[in-house]
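Spelled out, the chains give:
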Amino acid sequence: MAYTNNASAHREGSMSVEKPANYGGSAKLMARDADRAKQSAAEDAMGALLDSLGLPYERQFKYAEGRQLKADFAVCLVQGKPFDPLEYPSVLIEIIGGVYPFRRTRKDGSEVMLPGAHGTVGGIKADCERLNEATINGWCVLRFLPEQVKDGTARKVLERWLE
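Residues numbered from 1 in each chain as written. Predicted model: local features only at pLDDT ≥ 70, side-chain atom pairs only at ≥ 80, totals over all residues. Heavy atoms only, no water.

1. Quick look at the pairing of strand β2 (residues 70-76)
Going by this rule: To sort residues, take the accessible area from a 1.4 Å probe on protein chains only and compare it with the maximum for the residue type: under 20% means buried, over 50% means exposed, and anything in between is partly exposed. Secondary structure follows DSSP: runs of H or I at least 4 residues long count as helices, runs of E at least 2 residues long count as strands, and numbering of each begins at the N terminus. Here, a strand pair is defined by DSSP locating no fewer than two bridges between the strands.
A large share of β2 lies buried, amounting to 7 of its 7 residues. As paired elements, strand β1 (residues 57-62) and β2 share 5 bridges and run antiparallel to each other. Bridge pairing in β2 links Lys62 to Lys70.

2. A few points about the pairing of strand β3 (residues 90-95)
The element β3 is largely enclosed, with a buried count of 6 among its 6 residues. Of the strand pairs in this sheet, β2 and β3 are connected by 4 bridges, and their pairing is antiparallel. Bridge pairing in β3 places Ala74 opposite Leu92. Strand direction decides the pairing type here: β3 and strand β6 (residues 141-144), joined by 4 bridges, are parallel. Bridge pairing in β6 links Leu92 to Val141.

3. A word on unusual backbone geometry
Leaving glycine out, the prevailing phi sign among residues is negative, and the prevailing peptide bond configuration is trans. The phi torsion at Gln60 lies on the positive side, around 50 degrees, for a residue other than glycine. On the secondary structure map, Gln60 appears in strand β1. Gln60 gets classed as buried once you look at its relative accessible area, which sits at 12%.

4. What about the pattern of salt bridges?
Counted only if it meets this: A carboxyl oxygen of Asp or Glu within 4 Å of a side-chain nitrogen of Lys or Arg is what we treat as a salt bridge.
Taken as a whole and assessed by the stated rule, the structure comprises 7 salt bridges. We note a salt bridge from Asp44 to Arg59, for which the minimum N-O separation is 3.2 Å. Linking Asp44 in helix α1 (residues 25-52) with Arg59 in strand β1, this pair joins segments that are 15 residues apart in sequence. Among the residues examined, Arg59 registers a relative accessible area of 5% and is labelled buried. Here Glu159 ties to Arg155 by a salt bridge, and the two come within 3.4 Å at their closest N and O atoms. Of this pair, Glu159 and Arg155 both sit in helix α4 (residues 153-162), separated by 4 residues, roughly a single helical turn. With a relative accessible area of 36%, Glu159 lands in the partly exposed category. Salt bridges sharing partners connect three or more residues here, namely Glu43, Asp44 and Arg59.

In structure tokens, the structure reads:
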């Protein structure tokens, strides 16, 4: 059984947000760090949810041979079995952050609205590539916004999957 709890890990390969040339560097880092903290909190909450449902999982699961693609979680319905969707009922879970535009203050004091990473053309293309690769490798992917983990939507979906 592969239980891992790596709350500090952030998904590799996440897309950067397109920013104006005069956008302040320190504010950029603060925005990124705030998004990662929110993401980690949602991932920790998902880990606690999976624990409460008694489901074995692995965090930051590499799901495509020869690629650097990782899902936030891989879950297998069968205790002690490998995470293999072709052999055992398994699912990948993604917590999707960076979908909402956000307001940031530039060095000169003016404000700018920036798109979330998954709300840009590049971010959407990268999500399509990742989802397609997971599907080609036999995985079903469940995707949740952080607030869906908190408001019980994720629990309801996982309970339906367990039926």
